[in-house]
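Fold and geometry: a report
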Amino acid sequence: MKRNLAIATLCMGVGLVAGTGCGPTHPATPAIGAAPSPAPDRVAQRLAQYQATLAEVQALQPPPVPPSTVGIAVDQSGSMGFSRIATATYSDVKPVVDALVRTGGTLALSKICDRSDVPLVRTTFAEPPRLGQLPAIGNPPERPKSDRGDPFQIQKHLKQYEKDLAAYEQQLGTAQQTLDAYKQQLSQHQQTSQQQLERLKPEIEAILNHPRNCQATDIQRAIERTNVLFQEPIAWSQPPRTYAVFITDGLDTFSSAPAKLQADKVVLVNGSETLGIFQSVRHERFEAPQVALSAVADWMLKP
């Protein structure tokens, strides 16, 4: 009994001192600085989902190019048969349409006949939505180990970790919402453009499939309408590129004056020996509409 009283007196004097047998015992506490534990599974899964969505959205991004205005004039005179110039089809025009959906811009078709000042068959595709600047999303914060070390410091580090993790999850959630909203905008843009195309397709085919039976050819009037098209003050994000595509033998019944086209690039589809009024115009020449229009679509998508 005297021994127990002595121990009690000793403990009251020294307080809680490890190794004296006084006070409650504690397991060894962790040392801060050891290899941290991985982030919770839910954060890893959300990060993987975000990275997958980001890769998908980056693949759908429109090219970094300005919109385009494309004017296509189709000669419907009888001399086209003698010039051995192939007839353009809707499938030939489709690459240009697809490019316009990705860049935004205007497509206009006209027929070259004895009266070439009739209204253009046309539509304007809105510029596609573009993804804004996203915050940099790095790796999630790492949980500190808590099996040894000063318990007060451990609690301090754990509280900071929980705070950092909550902020990280909020940032990740906001970025994911931005990507999901952008995907929805792209889907709506595609749907609207497809509806425009479905309405326009019969009119395009009517011009392309028209018989080559015009008795005269007024190419100059078609050129004038194309130049007016290129000068229209449409509010684009930046000045559009302009492409004039003429499927013609170049033989104008009413005028022999040289053609004057105000376009960034003039494309002539002409397989004959003569160029007519296009003789003095700088242009890219092709034998077939399919190859010519595919080339135009490629130029539209290149920076």
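Residues numbered from 1 in each chain as written. Predicted model: local features only at pLDDT ≥ 70, side-chain atom pairs only at ≥ 80, totals over all residues. Heavy atoms only, no water.

1. A closer look at the side chain of arginine 241
This is how it is decided: Per the convention used, a helix needs a DSSP run of H or I reaching at least four residues, while a strand needs a run of E reaching at least two, with both numbered from the N terminus. Here the term buried applies to any residue with accessible area under 20% of the maximum for its type, exposed to any over 50%, and partly exposed to those in between, with areas from a 1.4 Å probe on protein chains only. Residues scored as positive are Lys and Arg, those scored as negative are Asp and Glu, and His as well as the terminal groups of each chain are ignored. By salt bridge we mean one thing: a side-chain nitrogen of Lys or Arg within 4 Å of a carboxyl oxygen of Asp or Glu. As used in this structure description, the phrase polar contact means that two N or O atoms lie within 3.5 Å; if the pair is within protein, one of them must be able to donate a hydrogen and the other to accept it, and residues adjacent in sequence are counted only when both atoms belong to side chains. Note on contacts: a residue pair qualifies if any of its non-hydrogen atoms lie within 4.5 Å across the two residues.
Along the chain, the position of arginine 241 falls in strand β4 (residues 241–247). Aspartate 264 provides the closest opposite charge to the buried, salt-bridge-free arginine 241, at an N-O distance of 6.4 Å. Looking at arginine 241, its side chain comes within polar contact range of the main-chain oxygen of tryptophan 299, at 3.0 Å. A distance of 3.4 Å separates the side chain of arginine 241 from the backbone oxygen of methionine 300, its partner in a polar contact. In this view, arginine 241 contacts Val65, Pro66, Pro67, Ser68, Thr69, Asp264, Trp299, Met300, Lys302 and Pro303; residues no more than four positions away in its chain are not counted.

2. Focus on the pairing of strand β2 (residues 105–112)
Let me state the cut-off plainly: Strand pairing is assigned whenever DSSP detects at least two bridges linking the two strands.
Burial of β2 is extensive: 7 of the 8 residues sit out of reach of the surface. Two strands pair when backbone bridges link them, and strand β1 (residues 68–75) and β2 are joined in this way by 8 bridges, in the parallel orientation. By the bridge assignment, threonine 69 is partnered in β2 with threonine 106. When β2 meets strand β3 (residues 121–125), the two strands line up antiparallel, connected through 5 bridges. In the strand pairing of β3, glycine 105 is matched with phenylalanine 125.

3. Quick notes on the sheet that holds β4
Spelled out, the test is: Axis lines are fitted to C-alpha atoms, over the contacting stretch for helices. Their N-to-C directions set the angle, which ranges from 0 to 180 degrees.
Reading across the sheet, the 6 strands line up as β3-β2-β1-β4-β5-β6 and stay open at both edges, with mixed pairing between neighbours. Each having just a single partner strand, β3 and β6 (284–286) make up the two edges of the open sheet. On average, adjacent strands in this sheet sit at an angle of 15° to one another, irrespective of strand direction. As defined by bridge partners, strand β5 (residues 265–269) adjoins β6 across 3 bridges and the pair is classed as parallel. Of the residues in β6, the one forming a bridge with valine 269 is phenylalanine 286.

4. Focus on the side chain of asparagine 227
Relative to the helices and strands, asparagine 227 resides in helix α6 (residues 219–230). Non-local contacts of asparagine 227, meaning those with residues more than four positions away in its chain, are made with Lys260, Leu261 and Gln262.

5. Observations regarding the state of the cysteines
Quick reminder of the rule: Cysteine sulfur atoms are paired as a disulfide whenever they come within 2.5 Å of each other.
By the definition in use, this model includes 1 disulfide. One disulfide bridge connects cysteine 113 with cysteine 214, the sulfur atoms lying 1.8 Å from each other. Because the torsion about its S-S bond is -105°, the bridge between cysteine 113 and cysteine 214 counts as left-handed. Highlighted residues: cysteine 113 in the loop between β2 and β3 and cysteine 214 in the loop between α5 (151–208) and α6, separated in sequence by 101 residues. Pair check on accessibility: cysteine 113 and cysteine 214 agree, each one buried.

6. Some details on the confidence of the model for the protein
To keep things clear, this is the line we draw: Per residue, pLDDT measures the predictor's confidence, with a range of 0 to 100.
Averaged over every residue, the pLDDT of the protein is 86; residues scoring 70 or more account for 87%. Every residue in residues 1–37 is under pLDDT 50, and counting partners more than four places away or in other chains gives 36 contacts.

7. A closer look at the environment of histidine 189
In this structure, histidine 189 sits in helix α5. Relative accessible area serves as the criterion here: at 10%, histidine 189 is assigned to the buried category. Not counting chain neighbours up to four residues away, the residues in contact with histidine 189 comprise Val101, Ala126, Glu127, Pro128 and Pro129.

8. Looking at empty space enclosed by the protein
Keep this limit in mind: Two kinds of site are reported from a 1 Å grid over the protein atoms alone, namely cavities, where a 1.4 Å probe fits but cannot get out, and pockets, open sets with protein on both sides within 12 Å along at least five of seven lines, and residues are called lining when an atom falls within 4 Å of a point. Grid points are joined across faces, edges and corners, and a volume is the space filled by probe spheres set on the points. Polar here means any residue outside two lists: the nonpolar Ala, Val, Leu, Ile, Met, Phe, Trp, Tyr, Cys and Pro, and the charged Asp, Glu, Lys and Arg; Gly therefore counts as polar.
Summed over the entire model, instances satisfying the criterion amount to 2 cavities of 30 Å³ or more. By volume, the largest cavity amounts to about 50 Å³. In this structure, the largest cavity is lined by Thr69, Thr106, Arg122, Leu229, Phe230, Glu232, Ile234, Trp236 and Pro240. Here the residues of the lining of the largest cavity sort into 5 nonpolar, 2 polar and 2 charged.

9. Points about the nonpolar core
Operational definition: The term nonpolar core refers to a set of buried residues drawn from Ala, Val, Leu, Ile, Met, Phe, Trp, Tyr and Cys, joined through side-chain atoms within 4.5 Å.
Among the nonpolar cores identified, the biggest contains 34 residues, and Val70, Ile72, Val96, Leu107, Val245, Ile247 and Met300 are the most heavily contacted of them. The contact partners of valine 70, leaving out residues within four places of it in the chain, are Val96, Thr106, Leu107, Ala108, Leu229, Tyr243, Val245 and Met300. Counting 19 residues, the second largest nonpolar core, distinct from the first, contains Leu120, Ala244, Phe246 and Phe278.

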